[in-house]
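# Survey of secondary and tertiary structure
So the chains spell out like this:
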Amino acid sequence: MPRRRPRHMAGSGSDGTEDSDSSAEREQTNSSESDGNMPKRQRLTRASTRLSQSSQDTPDLKRAADHDESPPLTPTGNAPSSESELDISSPNASHDESQAKDQTNRDSDKDLSHRPKRRRCHETYNFNMKCPTPGCNSLGHLTGKHERHFAVSGCPLYHNLSADECKVKAISREKQEEEVKGQEESNSRHATRHQTPTSKQSRYKEQVAELRKGRNSGLQKEQKEKHMEHRQTHGNTREPLLENITSDYDLELFRKAQARASEDLEKLRIQGQITEGSNMIKTILFGRYELDTWYHSPYPEEYARLGRLYVCEFCLKYMKSQTILRRHMAKCVWKHPPGDEVYRKGAISVFEVDGKKNKIYCQNLCLLAKLFLDHKTLYYDVEPFLFYVMTEADNTGCHLVGYFSKEKNSFLNYNVSCILTMPQYMRQGFGKMLIDFSYLLSKVEEKVGSPERPLSDLGLISYRSYWKEVLLRYMYNFQGKEISIKEISQETAVNPVDIVSTLQSLQMLKYWKGKHLVLKRQDLIDEWKAKEIKRGNSNKTIDPSSLKWTPPKGT
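The structure displayed is predicted, hence computed values, not measured ones. (Residues numbered from 1 in each chain as written. Predicted model: local features only at pLDDT ≥ 70, side-chain atom pairs only at ≥ 80, totals over all residues. Heavy atoms only, no water.)

Here we take up the environment of D354. Along the chain, the position of D354 falls in strand β6 (residues 348-354). Along the primary structure D354 and P384 are separated by 30 residues, whereas in three dimensions their C-alpha atoms are 8.5 Å apart. Not counting residues up to four positions away in its chain, the partners in contact with D354 are C362, E383, F385, L386 and K408. A polar contact is formed between the side chain of D354 and the backbone nitrogen of K356, at a distance of 2.9 Å. (Helix = DSSP H or I, 4+ residues; strand = E, 2+ residues; numbered from the N terminus. Contact = heavy atoms within 4.5 Å. Polar contact = N/O pair within 3.5 Å; in protein donor to acceptor, adjacent residues only side chain to side chain.)

A few words now on the sheet that holds strand β7 (residues 385-394). Reading across from one edge, β5-β6-β7-β8-β10 is the order of the five strands in this open sheet, with antiparallel pairing throughout. Each edge of the sheet is formed by a strand with only one pairing partner; in this case those strands are β5 (340-345) and β10 (418-421). For this sheet, the mean inter-axis angle between neighbouring strands, taken without regard to orientation, is 20°. Its contacts with the sheet put helix α11 (residues 359-370) on β6, β7, β8 (397-407) and β10, and the angle it makes with β7 is roughly 75°. Contacts from helix α12 (residues 430-444) reach β5, β6, β7, β8 and β10 within the one sheet, and its direction differs from that of β8 by about 50°. (Pairing = 2+ DSSP bridges. Axes fitted to C-alpha atoms, helices over the stretch in contact; angles between N-to-C directions.)

The subject of this paragraph is the packing of helix α13 (residues 457-477) against helix α14 (residues 485-492). For the pair α13 and α14, the least separation of the axes is 11 Å and the interaxial angle reads 110°. Classified by the angle their axes make, α13 and α14 are roughly perpendicular. With respect to the hand of their crossing, α13 and α14 are arranged in right-handed fashion. Where α13 approaches α14, its residues V470, L471 and Y474 are matched on the opposing element by E487, I488, E491 and T492. Looking at the contact of α13 with α14 residue by residue, the class counts come to four nonpolar, one polar and two charged. (Parallel < 35°, antiparallel > 145°, perpendicular 65-115°, else oblique. Left-handed = near helix turned anticlockwise from the far one by under 90°. Nonpolar A, V, L, I, M, F, W, Y, C, P; charged D, E, K, R; others polar.)

Right, let's get into empty space enclosed by the protein. The full count for this structure, using the stated rule, is three cavities of 30 Å³ or more. The calculated volume of the second largest cavity comes to roughly 50 Å³. Every residue along the wall of the second largest cavity is listed here: L142, L161, C166, K169, R173, R255, Q258 and A259. When residues of the lining of the second largest cavity are traced back to their parent elements, those giving at least two are α5 (163-187) and α8 (248-271). (1 Å grid on protein atoms, 1.4 Å probe; cavity = no way out; pocket = protein on both sides within 12 Å on 5 of 7 lines; lining within 4 Å. Points joined across faces, edges and corners; volume = space filled by probe spheres on them.)

Note: strand β12 (residues 509-512) against strand β13 (residues 515-518), four bridges, orientation antiparallel. Looking across to β13, one finds that Y511 is bridged to H516. Count of turn residues in the β12/β13 antiparallel hairpin: two residues, of which K513 carries a positive phi of about 55°.

A separate point is α11. A rise of 1.5 Å per residue sets the reference length of α11, with its twelve residues, at 16 Å; its end C-alpha atoms lie 17 Å apart and thus fit the reference within 8%. Burial within α11 is extensive, with ten of its twelve residues counted as buried. When we look at burial in α11, the residues that qualify are Y361, C362, Q363, N364, L365, C366, L367, L368, A369 and K370. On its buried side, α11 packs onto β1 (283-286), β4 (318-319), β6, β7, β8 and β10. (Expected span 1.5 Å × (residues − 1). Buried < 20%, exposed > 50% of the residue type's maximum accessible area, 1.4 Å probe, protein only.)

With that out of the way, let us pick up the confidence of the model for the chain. The share of residues in the chain with pLDDT of 70 or more is 71%, and the mean pLDDT across the chain is 76. Here residues 1-101 is a poorly scored stretch, pLDDT under 50, and it has 110 contacts once near neighbours within four places are set aside; other chains count. (pLDDT = per-residue confidence, 0-100.)

This part is about the environment of H227. By the secondary structure assignment, H227 is in helix α7 (residues 221-234). According to the relative accessible area criterion, H227 is buried, its value standing at 16%. Taking C-alpha positions, H227 is 8.7 Å from L242, a pair spaced 15 residues apart along the chain. If we skip the residues at most four places from it in the chain, H227 touches L219, L241, L242, E243 and I245.

This next bit is on the pattern of salt bridges. A complete count under the given rule lists 14 salt bridges for this structure. Salt-bridge contacts for R212 lead to D250; the nearest nitrogen and oxygen are separated by 3.0 Å. On the criterion of sequence distance, the pair formed by R212 in the loop between α6 (199-211) and α7 and D250 in helix α8 is long-range, its members being 38 residues apart. Measuring nitrogen to oxygen at the nearest pair gives 3.4 Å for the salt bridge that ties K359 to E383. One end of the pair, K359, is in helix α11; the other, E383, is in the loop between α11 and β7, and 24 residues separate them in sequence. Here the salt bridges share partners, and the residues they tie into one network are K432, E469 and R473. (Salt bridge = Lys/Arg side-chain N within 4 Å of Asp/Glu carboxyl O.)

Right, let's get into the packing of α13 against helix α16 (residues 522-535). It is the contact of α13 with α16, at a shortest axis distance of 10 Å, that shows an interaxial angle of 105°. For the element pair α13 / α16, the angle class is roughly perpendicular. Facing α13, whose interface residues are E469, L472, R473, M475 and Y476, α16 presents L524, I525, W528, K529, E532 and R535. Here the contact of α13 with α16 is built from residues that sort into six nonpolar, no polar and five charged.

As annotated by UniProt and renumbered to match this structure, "active site" (unreviewed entry) occupies E452. Accessibility expressed as a relative area gives 27% for E452, which makes it partly exposed. If we skip the residues at most four places from it in the chain, E452 touches E407, Y414, V416 and S417. (UniProt positions renumbered as here; feature names shortened; annotations may be inferred.)

Here we come to the state of the cysteines. Enumeration according to the criterion identifies zero disulfides in this entry. Looking at the unpaired C315, the closest cysteine sulfur is the one in C312, lying at 3.5 Å. Owing to a relative accessible area of 6%, C315 belongs among the buried residues under this scheme. (Disulfide = S-S within 2.5 Å.)

Here we have four strands laid out as an open sheet, ordered β2-β1-β3-β4, and mixed in their pairing. Each having just a single partner strand, β2 (289-292) and β4 make up the two edges of the open sheet. Where β1 meets strand β3 (residues 308-311), four bridges bridge the pair, whose relative direction is parallel. Pairing of T283 across the sheet is with R308, part of β3.

Along the polypeptide, S546 turns up in the segment after α16. Filtering out sequence-adjacent residues up to four positions away, S546 remains in contact with V342, Y343, R344 and K345.

Among all positions of α14, only I488, S489 and T492 are buried. For α14, the arc enclosing every buried residue in end-on projection is 100°, short of the 170-degree limit, so these residues lie on one face. Opposite the buried face of α14, at more than 90 degrees from it, the exposed residues are K486, Q490 and E491. For α14, the N-terminal capping position is held by S484, with its side-chain oxygen 3.2 Å away from the main-chain nitrogen of K486. (Arc of directions from axis to C-beta.)

Structure (structure tokens):
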């Protein structure tokens, strides 16, 4: 009978566990002495060694339980969530693994109560981290699904809520999501045949319209005083009071979006893609604007951990301090993006930048864009793309408004790979200008284009609004009796799939006698025309005559 060696206690190794090489040797010695005919065992991982030893060292485990409560570590350094993750590095060790499991099952009744409890990775927290909101104890989460938070995005106190209120709202949201999911499943069959809304959908639409009636009524005097007092008391450490600014329905939609964004950030934190607020850029100084960022961007760690980044608005180089930026601006000779100016009307210009010729600029542009885009994966491989950068000129230079990129040779005829309007220029019509410009290039190329999927939330809203406007304008100018989706696509350069989806959302597509018919809804056309007249002659439109561009031949 081999002499049993005592198990190392917690703290004996540098990381609180015993050395994997020595433990493997002991396991090999024990197995060879117990069975002389068994082949020589391969080296085991640290986790599998502990598994086999747990069935043999029950008395020692009792003594170690009071001192070592941490779960065994995998070779990656993370706690395994189940015993299935305890793998063996050698393919010849399956026989040894089965013996270890049999021995474990035989002794499970007598040593189960002495085993240290396992904790899942996502249930462990770094208690040294604290929420940056003053007066917050880091308890609760905006989503109502987590016990603690470490960032402002998940802080109930910052959003003027309590942890209990967040849990109640989470339960209410889950019930609503289940109801909506059930309705979608019941309406999924024959979706193209029944384009007219059901009576339940019509009633819901009327209810929403009734709930949103008073959203533009404005604040009363007492409410304004309450909002100002809250702002003066807490400043930027708390979210402004949102009650009575809009309707309760719109406010609830906004709260749902906040909770969803907070949940996405929490998932990224758990996965290790971002840490608890340490390596995520909060703000950037860009020209005369200070912009709050929305998403994580893979800037170098030495820049990302600063929290604030200073970016030259012309060459897009990023710096660590205001002093470095000021010195750079004094000697920076760039006043507009590199490349060829292919469009100019008034103060608006568009530059075509080749990712192969101006690689550094395009990479910096992609890193900057990722701060405001969620579904962007292109950062450094910019050579196969062309970038069309829109600027607004004044006496100091051409300031970045937005951009879109497209592949030089797209197999699926995508006319946009990535599109962004800078936050300081949003809700001013520049997004539609960028989209309209991309379709203008497709018309010149005599192609039908479509944006690459997936689209961001704001991008999807902008595209749907643009497609709706294009179709209603086409319907308004159309004088014939029969209309064809193919003709619409050829004239507008919009993909037929996008046209059909837009017609369905406008309830202008009906299935009748085995055919799909396009309905001309005069009420929608009149509503669009009224908005056009009210808008007047806006400068936020693309003039095809101002385009000086020929499709590139070969890249």
